[in-house]
Amino acid sequence: MYDVMSSKAEEFISDKEIRECLDYAEKNKNNRELIDQILNKARKMKGISHKEAIVLLDCELEDKNEEIYQLAKEIKQEFYGNRIVMFAPLYLSNYCINGCEYCPYHAKNKHIHRKKLTQEEIRAEVIALQDMGHKRLALEAGEDPKNNPIEYILESIKTIYSIHHKNGDIRRVNVNIAATTVEEYRMLKEAGIGTYILFQETYNKESYEKLHPTGPKSNYAYHTEAMDRAMDGGIDDVGLGVLFGLNNYRYDFTGIIMHAEHLETAKGCGPHTISVPRVRRADDIDPDVFDNGISDETFAKIVACIRIAVPYTGMIVSTRETKESRERVLELGISQISGGSRTSVGGYVEPEAEEDNSAQFDVSDNRTLDEVVKWLMDMGYVPSFCTACYREGRTGDRFMSLLKSKQIVNCCHPNALMTLKEYLEDYASPETKEVGEALIKKELEVITNPKVKEKATEYIEKIHEGNRDFRF
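Everything numeric in this text was worked out from a predicted model, so none of it was measured.

**Comments concerning the side chain of aspartate 144**
Inspection of the secondary structure puts aspartate 144 in the loop between β2 (136–141) and α7 (150–162). Within the buried set, aspartate 144 has no salt-bridge partner at all; the shortest N-O distance to an opposite charge, 7.3 Å, is to arginine 114. Within polar-contact distance, the side chain of aspartate 144 engages the side chain of asparagine 147 at 2.9 Å. Once residues lying within four places of it in the same chain are set aside, the contact partners of aspartate 144 are Tyr95, Cys96, Ile97 and Pro149.

**Concerning the packing of aromatic side chains**
By the definition in use, this model includes seven aromatic pairs. One Lys or Arg, lysine 51, reaches over the ring of tyrosine 24 and ends 4.3 Å from the middle of that ring. Taking NZ or CZ as reference, arginine 328 lies 5.1 Å from the ring centre of tyrosine 69, over its face.

**Observations regarding unusual backbone geometry**
Unlike most non-glycine residues, lysine 166 shows phi in positive territory, near 55°. By secondary structure assignment, the location of lysine 166 is in the loop between α7 and β3 (172–176). Residue lysine 166 is classed as exposed on the basis of its relative accessible area of 72%. Even without glycine at this site, glutamate 201 takes up a positive phi of about 75°. With respect to the helices and strands, the residue glutamate 201 is situated in the loop between β4 (196–197) and α9 (205–211). Of the residues examined, glutamate 201 reaches a relative accessible area of 7% and is grouped as buried.

The rules behind each value
- Residues numbered from 1 in each chain as written.
- Predicted model: local features only at pLDDT ≥ 70, side-chain atom pairs only at ≥ 80, totals over all residues.
- Heavy atoms only, no water.
- Helix = DSSP H or I, 4+ residues; strand = E, 2+ residues; numbered from the N terminus.
- Buried < 20%, exposed > 50% of the residue type's maximum accessible area, 1.4 Å probe, protein only.
- Lys, Arg positive; Asp, Glu negative; His and termini not counted.
- Salt bridge = Lys/Arg side-chain N within 4 Å of Asp/Glu carboxyl O.
- Polar contact = N/O pair within 3.5 Å; in protein donor to acceptor, adjacent residues only side chain to side chain.
- Contact = heavy atoms within 4.5 Å.
- Phe/Tyr/Trp six-rings, centres within 6.5 Å; stacked < 30°, edge-to-face > 60°.
- Lys NZ or Arg CZ within 6 Å of the ring centre and 35° of its normal.

Put into C-alpha cells, the structure is as follows:
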C-alpha cells in the first residue's frame, strides 16, 4: 500500500502506485484539458504531484511541450536566477565489495587498477583542486568496510578542511558514500559535511535486485531508506539521484518525485539536490547492454519536469554529459555542475597512465574549470563558488523556507558575485577575467536592495585589494 508518511521503502515507493500512475499518464498524455489544469497548478511554483508530473513527461502535444519547457525556465529563474554552483568530485578509493552490474568498481572486476588515497595523497589532490579554483568537493568512495571504513572517510574530511593553500580553501565537503547507519550519519554530520548524496540507481525493486546481485548494496530496502536514517542522524541536506538508462525512465522519474514527496512530508524537508546522471561507458561496462538508454530530448524533458515538480531543489549535472547536452539543460533546471573533473582515484595532480585506469565512468566534457567558467559567463550565467548557506547554518528546512519565500536571492546573488570575483583574482585566465569583470559590473546593477548592493560592491573592492571570504 502506498503511504507517503511510511518509513518503509516499499510503502513510500509503492510499485503498485507507480504502475497505476504510468498507466494513467499513458491514457492522458494527449488530454489537453488535464494538461492545462496541471500546468496552471504548476505556475503557482509550489510543485506538483508525481502523478501529475508523469503526465507532463509523457505529454505528446507539441504546443503543450513548449509550455512545459517555458515554465521550467521560469521556475529555474525564479528560484535560482542565473547562478550556477561549481563543484568537483574527489574519488578517495575504488575498493568495493558490491556486485553492481553498471559500475566498473564491482568486486568481480579483477583487472581494474584498485587504489586508495593516503592522507598525503589527498592533501596533494586537494591542493591541485584549490589551484584550479574549486571551493566545493563531492567525496566518492566504493563500499568496502575493510579498505574504506567510516574512520577513513572522517579522517579524509578532516584532512581536506585543514588544507589552506595560498588563497585556496575547500569550504564545503559533500559526501557520496554507501548507505549506512544513523550512528555513522551522525558522525558525518559532526565532521561538518555539507550534503549527503546517495543515488538510488533505480526505484524498481525487481530491477534493482538484478542489478545488485551481491554485496550489502543488494538490500533494496536498506538502501532506499538511507535518506530517512541520514536525516534521523542530523544531516538536513540530502541529495537524491537515479542512474537513467538502467531501467525504464518513466518508472524511475516517478520514483524520484515520490521520494522527494516522502522526505518533504515525513521529514519536513525535501531533497537539497536531485542528480540526473545517465549510464556511461567505463572499463568493462557497456551502457548499451541495459537497453534503456534515453535520447538527449527525453533527458532534457526529464530535467524540465523535475524542475516543475520539485521547484525548490538544486539540480546537478556532471561531466558525464557533453557540453551540448549540459548547455540545453542549464536553462531548464540545472543549478549545479562540475568542471575540470577526474573520475579516477587521483588524477588531479597528474593524469593517470592508461594502464592504471581507475575511473568510474568516461567523462564526456573534458574542458578545464576555467574553460567551463568562461563558457557559462559567455551565456550570461554567474558561476558561483559560494558555500555561505552551509557555513551560516542556512541548511535543511531553514534553507528551504528562505528559498521557497524567494528571500534567498538577497544572499545567493551577491555571494555568487563575490566568490566569482575571488576566482577571477586568483585563478582565471586573462580572457576569462575580462569577461568576468564585465559580468560582475552588470550583475551588481541587478541587485534591488540598496544596502545589499552597497555592501556587495564594498566587499568586491576589498577582494580586489587582497581580502577573501566575505559572505551574506
